[in-house]
Amino acid sequence: FLNRFWFVSVIWEKEFPNISPRKAGRGIRQYTKEDIEEIRLVYHLVKERGMTLQGARDTIKREKGSTNKQIEVIERLKAIRDEIQSINKELNGLV
């Protein structure tokens, strides 16, 4: 996940105080599991739901627990969709 969006996460570190990776030598960032969850939450709100950074901050303050659960459900559904598509491809190959 972070491989694709590392540049955005660096910017979001300044905007969201809950994203605070430890910095090792030469500026290498070491993200905790909590940092990654926070980045996923911000990504979901900004990129998938179309919120502004301020809107995302407000939403996180208001309803962090329910938003995290929504993201978990969305990620599970995406995994299920991918599995179904994979099975469908295999079945089409048999015909």
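This structure is a prediction, so every number in the text was calculated from the model and none was measured.

Peer 1: Could you give me a rundown of the side chain of aspartate 35, with the residues and numbers involved?
Peer 2: As for its position among the elements, aspartate 35 is in helix α2 (residues 33-48). Residue classification places aspartate 35 among the buried residues on the basis of a relative accessible area of 3%. Beyond its immediate chain neighbours, meaning those up to four positions away, aspartate 35 contacts Asn18, Ile19, Ser20, Pro21 and Gln30.

Peer 1: Could you give me a rundown of the packing of aromatic side chains, with the residues and numbers involved?
Peer 2: Taken as a whole and judged by the stated rule, the model has zero aromatic pairs. For the cation-ring pair, arginine 57 lies above phenylalanine 16, with the distance from its terminal atom to the ring centre recorded as 5.7 Å.

Peer 1: Explain a nonpolar patch on the surface to me, using residue names and the numbers behind them.
Peer 2: Together, Val73, Leu77, Ile80 and Ile84 give the surface a local cluster of nonpolar side chains, amounting to about 370 Å² of exposed area. Residue placement: valine 73 occurs in helix α3 (residues 53-94).

Peer 1: Explain the nonpolar core residue by residue, including any values.
Peer 2: With 13 residues, the main nonpolar core has Trp12, Phe16, Ile19, Val42 and Ile60 as its most contacted residues. Within the residue set of this core, elements represented by two or more residues are α1 (2-15), α2 and α3. Considering every element that reaches this core, the biggest residue donor is α2, with six residues. Residue contacts for isoleucine 60: discarding those within four places in its chain leaves Phe16, Glu38, Leu41, Val42 and Leu45.

Peer 1: Run through the pattern of salt bridges, naming residues and quoting values.
Peer 2: In total, this model carries six salt bridges according to the counting rule given. The partner of arginine 29 in a salt bridge is glutamate 13, and the shortest N-O contact between them spans 2.8 Å. Here arginine 29, found in strand β2 (residues 29-30), pairs with glutamate 13, found in helix α1; they are 16 residues apart in sequence, far enough to count as distant. Relative accessible area serves as the criterion here: at 29%, arginine 29 is assigned to the partly exposed category. Looking at glutamate 13, the relative accessible area reads 13%, which means it is buried. Linked through salt bridges whose partners overlap, the residues forming this network are Glu13, Lys23 and Arg29.

Cut-offs used in this document
Residues numbered from 1 in each chain as written. Predicted model: local features only at pLDDT ≥ 70, side-chain atom pairs only at ≥ 80, totals over all residues. Heavy atoms only, no water. Helix = DSSP H or I, 4+ residues; strand = E, 2+ residues; numbered from the N terminus. Buried < 20%, exposed > 50% of the residue type's maximum accessible area, 1.4 Å probe, protein only. Contact = heavy atoms within 4.5 Å. Phe/Tyr/Trp six-rings, centres within 6.5 Å; stacked < 30°, edge-to-face > 60°. Lys NZ or Arg CZ within 6 Å of the ring centre and 35° of its normal. Patch = residues over 30% accessible without salt bridge, like charges linked within 9 Å, V, L, I, M, F, W, Y side chains within 5 Å. Areas by Shrake-Rupley, 256 points an atom, 1.4 Å probe, with all protein chains shown as cover. Salt bridge = Lys/Arg side-chain N within 4 Å of Asp/Glu carboxyl O. Core = buried A, V, L, I, M, F, W, Y, C linked by side-chain atoms within 4.5 Å.

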